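An overview of the molecular structure
Listed below are the residues making up each chain.
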Amino acid sequence: MIVTVVSVPDGGTARISVAEARQRLATGRFLLLDVELPDEEGPAAADEPVARRLGLEDEDLGWFGSRDESARAEFLGGAAGFVVPVVHDGDIVQVHALASERFLVVVHWGRRAGLAAAITAQLRRERPPDAVASLFLLLQESLVTFRRAAVRAVLRVEELEDDMFEGRRPEQIYLLSQQRRWSARLHHALLPYLQAVEEVITRRMMSSDFPVERQRLALEFQRTARLVLADIESLQDAARRAFASYGSLVAGEQNGVINRLAIVSVIFLPLSFLTGFFGMNFEFLTNRLETRDEFWLLAVGLQLVAVLGSLVLLHRSRIWRRLRDDD
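Just so you know, these numbers come straight off a predicted model, no measurement behind them.

1. Points about the overall build of the protein
When its secondary structure is counted, the protein shows ten helices and seven strands. Here the protein holds 327 residues, and 39% of them are scored as buried. Partitioning the contacts of the protein with sequence separation of at least 6, the portion at a separation of at least 24 is 66%. With the model as given, the accessible surface of the protein reaches about 18,800 Å², and the carbon-plus-sulfur share is 55%.

Here it is in structure tokens:
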């Protein structure tokens, strides 16, 4: 377990030991800790909860630092605990946060899931007055990751839709399916988390001792959450629209094939009739039509007249004009 302490308000960082982290959590006035857990821990480390290793003895913190936890937002008397989904490197990971009046502890697995750099930059710019304000910075940064992912996916879907109209290819439907699945994952990960946070914030805002400044932070978080949900819903709508466009293109191509088959059928239908008619063994056909001129006139001449008549009719019909316009 790697513990990094972030200095407030200058945003400087320094690695400290677990024992020093326990001491600072017990005596510090305002502390921001970033705890990085390895992707795979040994049995002994896994048996001991993270909260206990940091000296945060609370029976309600058994979930804190557990990898299998779902989205969570709880008010624990003097502290608030969150399991925050974050989009990082094309995947959705979980970050645990525990905030009180004196400290903010952020737990994640591996460097790829950490928000320490982003939060440190925010601290340098905004200089929050306490740990709760830093917590809202963390929550806002997690929403920003979802919003960026949704906007990138919307642009990707629009590019695929433009490419389809220039030239339809089979791999486009596979790429669209990936974007549609990604939109579902974003919505599935974010919606339960926002519902849980909304309940906690609403409950705290109804309290008379909730400071006005924190009410402002809570309202700003709620506004950003609605915007992010709207972006994800826009992604879902764009994916559905792109699938509908793909289906329309396929239907148009199938109509073109059907029109070509109709043209072939119109040309060969009279030929088939004439062939079948003159292939019958009627007495008139077998006994009267004996000369070569009669053969060429009836067998070939009628065929040519039928083909030319069919072409003239097709040229004046809507099917031919529609086929020519498609080409």
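2. What to know about helix α7 (residues 212-278)
Over its 67 residues, α7 runs 98 Å from end to end, which matches the ideal 99 Å to within 8%, given 1.5 Å per residue. Helix geometry: α7 is bent most strongly at F268, by close to 30 degrees, with proline P270 lying one to four residues after it.

3. So, the environment of A71
If you trace the backbone, A71 turns up in the loop between α3 (50-53) and β4 (72-75). Along the sequence, A71 and A189 sit 118 residues apart, while their C-alpha atoms lie 7.8 Å from each other. Residues in contact with A71, not counting those within four places in the same chain, are V83, P192 and Y193.

4. A word on the environment of S245
The residue S245 is located in helix α7 in this model. Relative accessible area serves as the criterion here: at 13%, S245 is assigned to the buried category. For S245 and D162, which are 83 residues apart along the polypeptide, the C-alpha to C-alpha distance reads 10.0 Å. Once residues lying within four places of it in the same chain are set aside, the contact partners of S245 are E161, M164 and F165.

5. Considering the packing of aromatic side chains
For any pair of aromatic rings, geometry is given as the distance between the ring centres together with the angle between the planes. Per the counting criterion, the structure on display carries zero aromatic pairs. Geometry around F243 places R180 over its ring, the cationic atom sitting 5.1 Å from the centre.

6. Focus on the pairing of strand β6 (residues 91-100)
In terms of residue burial, β6 counts as a mostly covered element, since eight of its ten residues are buried. Bridge count for strand β5 (residues 79-88) against β6 is ten bridges, and the pairing is antiparallel. If you follow V87 over to β6, its bridge partner there is I92. Linking β5 back to β6 in an antiparallel pair, the connection comprises two residues, with D89 at a positive phi of about 55 degrees. Where β6 hands over to strand β7 (residues 103-109), the hairpin turn is made up of two residues, counted between the paired strands.

7. What to know about the pairing of β4
By the bridge criterion, four bridges tie β4 to β5 in an arrangement that is antiparallel. Looking across to β5, one finds that R72 is bridged to V83. Where β4 folds back onto β5 in an antiparallel hairpin, the turn is made up of three residues, including G77, whose phi is positive at roughly 75 degrees.

8. Points about the environment of E48
By the element assignment, E48 lies in the loop between α2 (43-47) and α3. Between the C-alpha atom of E48 and that of G62, which follows or precedes it by 14 residues, the distance is 9.8 Å.

9. Looking at the pattern of salt bridges
Under the defined criterion, the tally for this structure stands at eight salt bridges. Residues E74 and R72 are paired through a salt bridge, measuring 2.4 Å at the closest nitrogen-oxygen approach. The exposure class assigned to R72 is buried, which follows from its relative accessible area of 18%. Its salt-bridge partner being R223, residue E220 comes within 2.8 Å of it at the nearest N-O pair. Of this pair, E220 and R223 both sit in helix α7, three residues apart, which is roughly one turn of the helix. What makes E220 partly exposed here is its relative accessible area of 31%.

10. Details of the packing of helix α5 (residues 131-166) against α7
Look at α5 against α7: their axes get within 9 Å of each other, and the N-to-C directions meet at 15 degrees. What the angle tells us is that α5 and α7 run roughly parallel. Between α5 and α7 lies a crossing whose hand is left-handed. A class-by-class count of the residues in the contact of α5 with α7 yields 25 nonpolar, four polar and six charged.

11. With respect to the nonpolar core
Within the largest apolar cluster, 52 residues are counted, with the highest numbers of intra-cluster contacts made by F82, F146, L186, L190 and F221. If you list the elements that add at least two residues to this core, you get β5, β6, β7, α5, α6 (170-205) and α7. Once residues lying within four places of it in the same chain are set aside, the contact partners of L190 are L143, F146, V228, L229 and I232. Ranked by size, the runner-up nonpolar core spans 23 residues in total, among them A51, L76, L98 and F103.

Parameters and conventions
Within every chain, residues take consecutive numbers counted from 1 along the sequence as written. Given that the model is predicted, a residue must reach a pLDDT of at least 70 before its local features are reported, and side-chain atom pairs must reach 80 or more before they are shown or counted; all residues, however, enter totals for whole chains, interfaces and linings. The side-chain numbers reported here are obtained from all heavy atoms of the structure, hydrogens and water having been left aside. Secondary structure is summarised from DSSP: a helix means a run of H or I of at least four residues, a strand means a run of E of at least two, and numbering begins at the N terminus for each. Residue exposure (1.4 Å probe, protein chains only): buried if accessible area is under 20% of the type maximum, exposed if over 50%, otherwise partly exposed. Contacts are assigned to residue pairs with any non-hydrogen atoms lying within 4.5 Å of each other. Each accessible area is a Shrake-Rupley result for a 1.4 Å probe, and residues are judged covered by the shown protein chains and nothing else. Helix span, expected: 1.5 Å multiplied by one less than the number of residues in the helix. The angle between axes fitted to the seven-residue stretch ending at a residue and the seven-residue stretch beginning at it gives the bend at that residue. Think of it this way: a Phe, Tyr or Trp ring, Trp meaning its six-membered ring, pairs with another when their centres are within 6.5 Å, and the plane angle makes it stacked under 30 degrees, edge-to-face over 60, tilted otherwise. Only Lys NZ and Arg CZ are tested; either one counts as a charge over a ring when it is within 6 Å of the ring centre and within 35 degrees of the ring normal. Should DSSP find at least two bridges between two strands, the strands are taken to pair. Note on definitions: salt bridges are taken to be side-chain nitrogens of Lys or Arg within 4 Å of carboxyl oxygens of Asp or Glu. Only the stretch in contact is used when a helix axis is fitted, and all axes are lines through C-alpha atoms; the angle between N-to-C directions ranges over 0 to 180 degrees. The cut-offs work like this: below 35 degrees is roughly parallel, past 145 is roughly antiparallel, 65 to 115 is roughly perpendicular, and the gaps in between are oblique. By the definition used in this description, the sense in which the near helix is turned from the far one sets the handedness, with an anticlockwise turn below a right angle giving left-handed and a clockwise turn giving right-handed. Throughout this entry, Asp, Glu, Lys and Arg are counted as charged residues, while Ala, Val, Leu, Ile, Met, Phe, Trp, Tyr, Cys and Pro are counted as nonpolar. The remaining residues, Gly among them, count as polar. To form a nonpolar core, buried Ala, Val, Leu, Ile, Met, Phe, Trp, Tyr and Cys residues must be joined to one another through side-chain atoms within 4.5 Å.

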